[in-house]
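Spelled out, the chains give:
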Amino acid sequence: MRGMAAVRTRAVVADDDVLLREGLAILLERSGFEVVGQCADGHALTALVREHRPELALIDIRMPPTHTTEGLDAARVIRQEFPDTAIVVLSAHVDVEHAMDLLGSGQRSGYLLKSRVTDVDEFMETLERVVKGASIVDPAVVHELVAARRVEDPLDNITTREREVLALMAEGRSNAGIAKTLWVTEGTVEKHVRSILSKLRLPGTGDDHRRVLAVLTFLKAR
């Protein structure tokens, strides 16, 4: 049982695949979350969120009736009405546009591939980080963006190491997590982050928000 067990985080799960939906609900409950509702479409999802006001909404991006963007559409409504609700959208395929759309909606947002659910510990850790305020994009999306840069790249002044740090920031990793991945000290990561924010000339708002803006710049530079 994770640290959330003491104060259980309430969650809703929306997916028209009943086996996956039930499986996710079981995983959440076993990890200390309280699943207050399940549903199979976007309209039922918004109704559940309005009724229970959960801290987390775990949403399939494609649901009835058209199986296109119903989950993302519901996520936009939830973000507008309940900005403090963390939203994690699950997708079977990499969709860069949808990932950028969700991340641009604010903090407490995540875009993950369904294949990521196979690593339960990592998946639950990711959900906890999003609930606490992180914005996280699946590494597969990040890798696709790195491979396709625009001719006029706002990241031209970013060094190779800083680009690596920024890619890990886009995955939602903390400075400590980045340091562990790159085998450097946390102080070194902090210097890289300060350099990145300076080179991107981001507005002097809160550090957390500037990190989100930096990630958005990184995602758009493709």
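If you're wondering where the values come from, they're calculated on a predicted model, not measured in any experiment. (Residues numbered from 1 in each chain as written. Predicted model: local features only at pLDDT ≥ 70, side-chain atom pairs only at ≥ 80, totals over all residues. Heavy atoms only, no water.)

## A word on the pattern of salt bridges
Here comes step 1: Taken as a whole and assessed by the stated rule, the structure comprises nine salt bridges.
Here comes step 2: Residues Arg50 and Glu81 are paired through a salt bridge, measuring 2.7 Å at the closest nitrogen-oxygen approach. Of this pair, Arg50 sits in helix α2 (residues 42-52) while Glu81 is found in helix α3 (residues 70-81), placing the two residues 31 residues apart along the sequence.
Here comes step 3: With a relative accessible area of 43%, Arg50 lands in the partly exposed category.
Here comes step 4: With a shortest N-O distance of 3.3 Å, Lys114 and Asp60 are connected by a salt bridge. Here Asp60 lies in strand β3 (residues 56-60) and Lys114 lies in the loop between β5 (109-113) and α5 (120-131), a separation of 54 residues in the sequence.
Here comes step 5: Residues joined in a network through salt bridges with shared partners are Asp15, Asp60 and Lys114. (Salt bridge = Lys/Arg side-chain N within 4 Å of Asp/Glu carboxyl O. Helix = DSSP H or I, 4+ residues; strand = E, 2+ residues; numbered from the N terminus. Buried < 20%, exposed > 50% of the residue type's maximum accessible area, 1.4 Å probe, protein only.)

## A word on the pairing of strand β1 (residues 10-14)
Here comes step 1: For β1, a buried count of four out of five residues is recorded, marking the element as mostly surrounded by other parts of the structure.
Here comes step 2: As paired strands, β1 and strand β2 (residues 34-39) are joined by five bridges and run parallel to one another. Bridge pairing links Val13 to Gln38 in β2.
Here comes step 3: With helix α1 (residues 18-30) bridging β1 and its parallel neighbour β2, the resulting β-α-β unit is right-handed.
Here comes step 4: Relative to β3, β1 runs parallel, the two being bridged by four bridges. Across the sheet, Val13 pairs through a bridge with Leu58, a residue of β3. (Pairing = 2+ DSSP bridges. Right-handed = clockwise from strand over helix to strand, strands pointing away.)

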